[in-house]
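Residue-level listing of the chains:
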Amino acid sequence: MIPLQFSPEVAEARASGAPVVALESTIITHGMPQPHNLDTARKVEAAVRAAGAVPATIAVLKGQLHIGLSDAQLMALSRAVDVMKLSRADLAVAIATGATGATTVAATMIAAHLAGIDVFATGGIGGVHRGAADSFDISADLRELALTPVSVVCAGAKAILDLPKTLEVLETCGVPVIAVGQDDLPAFWSRSSGLSAPLRLDTCRDLVRAHLMRRDMGLTGGQLITNPIPQADEIPFDEMQIAVETALGDAEVLGVTGKAVTPFLLTRIYELTAGRSLTANIALVVNNAQLAAGIARELRNLEM
Ligand code: PSU
Ligand code: MN
């Protein structure tokens, strides 16, 4: 038996058929500094509610797989130390041994699917790291998108990654990478990566139709919906590159590897941009939560 724990709000939504949006928790524990992590988690949940859906932040707390957290649980998680970062490889071990861990995009997709949630909002996904030809560092998020039928709304892949290689792996995995409202692939802090997105859709209705068509056709895996950061909040790509290059150099000098790479780079870029990267990060996650709520609502309409 999987120890799934639904928050009262999510349980009610499931009973009434109200739209639900899954949210990850690694962004809280490993992606942002305190107290911004808690503020952002609350803001993102509020954005989902304001847009007419129910937020389900997902985490493993003492071996229970929580789908939806209370404010007290959210607060405790945001302040906890030594929280595990859980991806597909770690999720079952953490649950079986009573551990506490935050879920990455991969693990959140697995949990959302177990809970019957089709739509998930995050900031950025993991991808192919620069230097992957030597390090073999390719996020398990990509393979999860190939396996698990959840539509993931993000702001593109972070510029710390090798974006062309990330697109290649997603194509090999059969994952539709869809830009919303523009032709270019967004690059997290920046609206454009300078690369074309493989696919473009401009409405929630089309995004939902494509999601349902994959289901009807029995295609495994999800959709990657890339939503550009609002114009007012973006940091131009070239400007970010300087901070990104410095952070990558520091990671190499310090010998940072494995799971520690993404959190290290995010922290370093936060320092190097004097907090600007965080302001942009918060804005884009909220923006993604709003779009995801719209998609979840449309999904309920079309399913009925
Ligand atoms: N992007 C962010 N903040 C984050 C992450 C990505 O802007 O916190 C997290 C997500 O949880 C993502 C994970 O799934 O980093 C990817 O880690 P890795 O590269 O180790 O797979
Ligand atoms: Mn990795």
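Each chain has its residues counted from 1, following the order in which its sequence is written. All chains are assigned letters beginning at A, and all ligands numbers beginning at 1, according to the order in which they are written. Restriction of local features to residues with pLDDT of at least 70 applies here, the model being predicted, together with a cutoff of 80 or more for giving and counting side-chain atom pairs; totals for whole chains, interfaces and linings are based on all residues. Side-chain numbers come from the whole structure's heavy atoms, not from hydrogens or water.

1. Some words on the nonpolar core
As a reminder, the rule being used: Grouping buried Ala, Val, Leu, Ile, Met, Phe, Trp, Tyr and Cys residues that are joined through side-chain atoms within 4.5 Å yields what is termed a nonpolar core. The classification of residues rests on relative accessible area computed with a 1.4 Å probe and restricted to protein chains. Under 20% of the type maximum is buried, over 50% is exposed, and intermediate values are partly exposed. Helix numbers and strand numbers start at the N terminus; a helix is a DSSP run of H or I with at least 4 residues, a strand a run of E with at least 2.
Ranked by size, the top nonpolar core spans 61 residues in total, and within it V21, I160, W189, I225, L265, I269 and I295 carry the most contacts. When residues of this core are assigned to their parent elements, the largest contribution, 13 residues, is made by helix 13 (residues 276–303). Within the second largest apolar cluster, 41 residues are counted, among which are A94, F120, V177 and A179.

2. A few points about the site of ligand 1
Rules: We call a residue near a molecule or strand when any one of its heavy atoms sits within 4 Å of it. Think of a polar contact as two N or O atoms within 3.5 Å of one another; within protein, one of them needs to be a possible hydrogen donor and the other a possible acceptor, and neighboring residues in sequence only count if both atoms come from side chains. For the area figures, the Shrake-Rupley method with a 1.4 Å probe applies, and any residue is considered shielded solely by the protein chains shown. Only protein atoms enter the 1 Å grid, on which a cavity is a set of points fitting a 1.4 Å probe that cannot get out and a pocket is an open set with protein on both sides within 12 Å along at least 5 of 7 lines, lining residues being those with an atom within 4 Å of a point. For this analysis, a molecule is said to be in a pocket or cavity if more than half of its atoms are within 2 Å of the grid points defining it. Three classes are used, and their members are as follows: Ala, Val, Leu, Ile, Met, Phe, Trp, Tyr, Cys and Pro are nonpolar, Asp, Glu, Lys and Arg are charged, and the others, Gly among them, are polar.
In the region of ligand 1, 17 residues are neighbours, and E24, K85, S139, D141 and K158 sit closest. At 2.7 Å, a side-chain N or O of S139 approaches an oxygen atom of ligand 1. In the complex, the protein chains occlude 94% of the 480 Å² of accessible area that ligand 1 would expose alone. At a threshold of 2 Å from the grid points, most atoms of ligand 1 map onto the largest pocket. Listing elements by their share of the shell around ligand 1, those giving two or more residues are helix 2 (26–29) and helix 12 (261–272). Tallied by class, residues from the shell around ligand 1 come to 4 nonpolar, 9 polar and 4 charged.

3. Details of the packing of helix 10 (residues 204–217) against helix 13
Stated formally: Axis lines are fitted through C-alpha atoms, for helices just across the contact stretch, and the angle between N-to-C directions can take any value from 0 to 180 degrees. Orientation labels follow simple angle bins: below 35 degrees gives roughly parallel, above 145 gives roughly antiparallel, 65 to 115 gives roughly perpendicular, and whatever is left gives oblique. Should the near helix be turned anticlockwise from the far one by less than a right angle, the crossing is left-handed, and should it be turned clockwise, the crossing is right-handed. Here a residue-residue contact requires only that any non-hydrogen atoms of the pair lie within 4.5 Å.
For the pair helix 10 and helix 13, interaxial distance at closest approach is 9 Å and the crossing angle is 60°. Considered as vectors, helix 10 and helix 13 are oriented oblique to each other. As helix 10 packs across helix 13, the resulting crossing turns out to be right-handed. On helix 13, the residues touching C204, R205, L207, V208, R209, H211, L212 and R215 of helix 10 are L291, G294, I295, E298, L299, L302 and E303. Per-class residue counts for the contact of helix 10 with helix 13 are 8 nonpolar, 2 polar and 5 charged.

4. As for the state of the cysteines
Counted only if it meets this: The term disulfide is used for any two cysteine sulfur atoms that are within 2.5 Å.
With the rule as written, the count across this model stands at 0 disulfides. There is no disulfide at C204, and the cysteine sulfur nearest it, in C154, is 15 Å away. Residue class for C204 comes out partly exposed when judged on its relative accessible area of 23%.

5. Focus: the environment of G222
Topologically, G222 is positioned in the loop between helix 10 and strand 11 (223–226). Along the backbone, G222 and H211 are 11 residues apart, and their C-alpha atoms lie at a distance of 7.6 Å. The contact partners of G222, leaving out residues within four places of it in the chain, are L145, T148, P149, V150, V175, P176 and R214.

6. Some remarks on the packing of aromatic side chains
For clarity, the cut-off: Any two of the Phe, Tyr and Trp rings considered here, Trp counted by its six-membered ring, make a pair once their centres fall within 6.5 Å; the pair's planes then place it as stacked at under 30 degrees, edge-to-face at over 60, or tilted in between. In this scheme, the term charge over a ring applies when either NZ of a lysine or CZ of an arginine sits within 6 Å of the ring centre and within 35 degrees of the ring normal.
Going through the model one piece at a time under the given rule, you end up with 1 aromatic pair. Geometrically, the ring pair formed by F188 and W189 is edge-to-face, given 4.9 Å between the ring centres and 85° between the ring planes. In this structure, R14 is placed above the aromatic ring of F6, and the distance from its NZ or CZ to the ring centre is 3.9 Å. Its end group placed over the ring of F188, K158 keeps NZ or CZ at 5.3 Å from the ring centre.

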